[in-house]
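# Structural characterization, general
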Amino acid sequence: MRHILFLFLDGVGLGDDNPFLNPLARADLPNLQRLLKGRRLLRNTPAMDNAQALAAFIPTDASLGVPGPPQSATGQATILTGLNVPALVGGHWGPKPNEAVRNILRRENIFKALVARGQSAALINAYPQRYFDAIKSGRRMYSAIPMAVDAAGIPLLTADDLRAGRAFSADFTGEGWHSELKYTDTPVYTLPEAGAKLAEVSRQRAFTFFEHWITDLVGHRGTVDEGVKVLEHFDAMLGGLLANWDDDGLIIITSDHGNLEDFSHSHHTINKVPTLVIGRDRHSISGGVTDLSGFVPAILNYLAG
């Protein structure tokens, strides 16, 4: 069965080759560099197809012809709908969706489209009970990705799903659920084990989405050294994922805007973002992507085959 694992890295752009400001220029990322023919995710890395690694790399426009730095709500909504959402609502907006963005996401998104044609889809991030309590009380509102999932009638996954191995912590390993959320009975994986588990879980449905928001958090509040650490953790997980991937699936990695690649400030950037499409049938996706609006039509077409 054809299937896609969509790994969304929040706030990762293509910046300068400056290891003092850009953790992507410093971090030890052997798995990513193997996909890129030994190169790094930097501004001067050209689009490429690496037949040996079954990987395509596309520097991807996140600005969408709209002035100003891209923002999370409109960028993620564009990824999820295939529409130029910043242009439709009159500008970049975030971090949470405003009414105009909410209306678009609730009307149409990739999760709704797949459900409507009988294909399975899920967001496999696990959410703690306090998240659901805050949403119910109005103290918190959905960001774009869980909003799209909710609009499709797909349940968000819980601590029970994490315990059962059906969902994942945002840090991949689950360690944060112990150290930050104070859960004591949820699983903890090594990074390669988490990658292998992601490969296993993604085979269970047509479309699996995972949101790694820690990259954007570190870009806003952290240091270059912390950026290096979070990227190296991602790369180690990616190694386990690639070692356990199969020929019938595709992995898509992309972002919504730049941030982590430039620690000269703590704001979003107007840099292009990296897109990697990995798998034998990668050209079914990579050929249709130049900006964030290109994913949905290509994914729907691929999964219809």
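Here, every reference points to the structure presented above.
## A short note on the overall build of the protein
- Looking only at helices and strands, the protein has 14 helices and seven strands in total.
- Its C-alpha atoms give the protein a radius of gyration of 18 Å, near enough to 19 Å, the size a compact globule of 305 residues would have.
- With the C-alpha coordinates aligned to their principal axes, the bounding extent of the protein is approximately 45 × 45 × 40 Å.
- Once local pairs closer than 6 in sequence are excluded, the contacts in the protein between residues at least 24 apart make up 72%.
- As displayed, the protein has an accessible area near 12,300 Å², and 51% of this comes from carbon and sulfur atoms.
- Within the protein, one finds 28 positive and 32 negative side-chain charges whose respective centroids are separated by 4 Å.

## Examining the packing of aromatic side chains
- Summed over all chains, the structure comprises 16 aromatic pairs.
- Centroid distance Tyr-127 to Tyr-131: 4.5 Å. Interplanar angle 35°. Geometry classified as tilted.
- Overall, the relative accessible area of 10% leaves Tyr-127 in the buried class.

## Concerning the packing of helix α10 (residues 191–202) against helix α12 (residues 224–243)
- Axis separation between α10 and α12 bottoms out at 6 Å; the angle between their running directions is 50°. The orientation of α10 with respect to α12, classified from their angle, is oblique. Remark: the crossing between α10 and α12 carries right-handed chirality. Contact residues: α10 offers Leu-191, Pro-192, Ala-194, Gly-195, Ala-196, Leu-198 and Ala-199, while α12 offers His-233, Ala-236, Met-237, Gly-240 and Leu-241.
- Each residue belonging to the contact of α10 with α12 can be placed in one class, and the counts come to nine nonpolar, three polar and no charged.

## Points about the sheet that holds strand β1 (residues 3–9)
- Read across the sheet, seven strands follow the order β2-β3-β7-β6-β1-β5-β4 without closing on themselves; strand pairing throughout is mixed. Edge positions in the sheet fall to β2 (48–50) and β4 (121–123), since each of these pairs with one other strand and no more. Averaged over all pairs of adjacent strands, the angle between strand axes in this sheet comes to 15°, irrespective of strand direction.
- Where β2 meets strand β3 (residues 55–60), three bridges bridge the pair, whose relative direction is antiparallel. What sits directly across from Asp-49, in β3, is Ala-56.
- Contacting β1 and β5 (207–212), α10 runs over the sheet at an angle of about 135° to β1.

## Brief notes about the pairing of strand β6 (residues 249–254)
- Burial within β6 is extensive, with six of its six residues counted as buried.
- Going residue by residue along β6, you find Gly-249, Ile-251 and Ile-253 tucked away on one face and Leu-250, Ile-252 and Thr-254 tucked away on the opposite face as well.
- Judged from the six bridges that link them, β1 and β6 form a sheet pairing that is parallel. Bridging across to β6, Phe-8 finds its partner in Thr-254.

## Let's talk about the side chain of Ser-202
- As for its position among the elements, Ser-202 is in helix α10.
- If sequence neighbours within four positions are ignored, Ser-202 has contacts with His-3, Leu-5, Thr-208 and Trp-245.

## Quick look at the pattern of salt bridges
- Enumeration over the complete set of coordinates arrives at twelve salt bridges.
- Between Arg-282 and Asp-49 there is a salt bridge, and its shortest N-O distance comes to 2.8 Å. With a gap of 233 residues between them, Arg-282 in the loop between β7 (273–278) and α13 (283–286) and Asp-49 in strand β2 connect regions that are remote in the sequence.
- Residue classification places Asp-49 among the partly exposed residues on the basis of a relative accessible area of 31%.
- For Arg-203, the salt bridge is made with Asp-246, and the minimal N-O distance between the two is 3.5 Å.

## As for α10
- In a regular helix each residue adds 1.5 Å, so twelve residues correspond to 16 Å; α10 covers 17 Å between its end C-alpha atoms and thus fits that length.
- Restricting attention to buried positions, one finds in α10 the residues Leu-191, Ala-194, Gly-195, Lys-197, Leu-198, Ala-199, Val-201 and Ser-202.
- Contacts made by the buried residues of α10 are with β1, β5 and α12.

## Digging into the pairing of β3
- Burial runs high along β3: six of the six residues are buried.
- Of the two faces of β3, both are covered, the one formed by Ala-55, Phe-57 and Pro-59 as well as the one formed by Ala-56, Ile-58 and Thr-60.
- Hairpin connection between β2 and β3: a loop of four residues separates the two successive antiparallel strands, and Leu-54 in this loop has a positive phi of roughly 55°.
- Strand direction decides the pairing type here: β3 and β7, joined by six bridges, are antiparallel. Bridging across to β7, Phe-57 finds its partner in Leu-276.

Rules used in this analysis
Residues numbered from 1 in each chain as written. Predicted model: local features only at pLDDT ≥ 70, side-chain atom pairs only at ≥ 80, totals over all residues. Heavy atoms only, no water. Helix = DSSP H or I, 4+ residues; strand = E, 2+ residues; numbered from the N terminus. Rg over C-alpha atoms; globule rule 2.2 N^0.38 Å. Contact = heavy atoms within 4.5 Å. Areas by Shrake-Rupley, 256 points an atom, 1.4 Å probe, with all protein chains shown as cover. Lys, Arg positive; Asp, Glu negative; His and termini not counted. Charge placed at Lys NZ, Arg CZ, Asp CG, Glu CD. Phe/Tyr/Trp six-rings, centres within 6.5 Å; stacked < 30°, edge-to-face > 60°. Buried < 20%, exposed > 50% of the residue type's maximum accessible area, 1.4 Å probe, protein only. Axes fitted to C-alpha atoms, helices over the stretch in contact; angles between N-to-C directions. Parallel < 35°, antiparallel > 145°, perpendicular 65-115°, else oblique. Left-handed = near helix turned anticlockwise from the far one by under 90°. Nonpolar A, V, L, I, M, F, W, Y, C, P; charged D, E, K, R; others polar. Pairing = 2+ DSSP bridges. Salt bridge = Lys/Arg side-chain N within 4 Å of Asp/Glu carboxyl O. Expected span 1.5 Å × (residues − 1).

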